[in-house]
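Descriptive structure summary
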Amino acid sequence: MRKFLIIFFLLILTNCSLNKDSQYWTEDTIKKKNEQKNLSKILKKSKDITSMTLDEYKLYIEDYTKKSKYPDISK
């Protein structure tokens, strides 16, 4: 029984990622939800770009470039 507990404990420890660059640890779900809310509000305003603030316009342009089909020139 002890051997099984030790093996089980070792399996659990090896599956845990302590890497700070890991996607799980660096992901901030609350911030991401807030950004999505803001983006949805901005997209509703996108019919009239002149009514956007500078920050809203910046977010709108960033989202637009992510969705666009421009070629990747970094390669």
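Every chain begins its residue count from 1, and numbering advances along the sequence as written. The model is predicted, so local features are restricted to residues of pLDDT at least 70 and side-chain atom pairs to those at 80 or more, both for listing and for counting; the totals for chains, interfaces and linings are taken over all residues. To get the side-chain values, take all heavy atoms of the structure and skip hydrogens and water.

Right, let's get into the pattern of salt bridges. Every case where a carboxyl oxygen of Asp or Glu lies within 4 Å of a side-chain nitrogen of Lys or Arg is listed as a salt bridge. Counting across every chain of the model gives one salt bridge. With a shortest N-O distance of 3.4 Å, aspartate 63 and lysine 67 are connected by a salt bridge. A residue pair is termed a helical-turn pair when its members lie 3 or 4 positions apart in one helix, as aspartate 63 and lysine 67 do in helix 4 (residues 54-67) at four residues. The buried label applies to any residue whose accessible area, calculated with a 1.4 Å probe on protein chains only, is under 20% of its type's maximum; exposed applies above 50%, and partly exposed to all values in between. Classification of lysine 67 as exposed rests on a relative accessible area of 58%. Helix and strand assignments follow DSSP, with helices taken as H or I runs no shorter than four residues and strands as E runs no shorter than two, numbered in order from the N terminus.

Our focus in this paragraph is the confidence of the model for the chain. Think of pLDDT as the predictor's per-residue confidence, scored from 0 to 100. Summary statistics for the chain give a mean pLDDT of 76 and a share of 79% for residues scoring 70 or more. For the chain, the element scoring lowest by mean pLDDT is helix 2 (residues 23-26), at 57; helix 4 scores highest, at 84.

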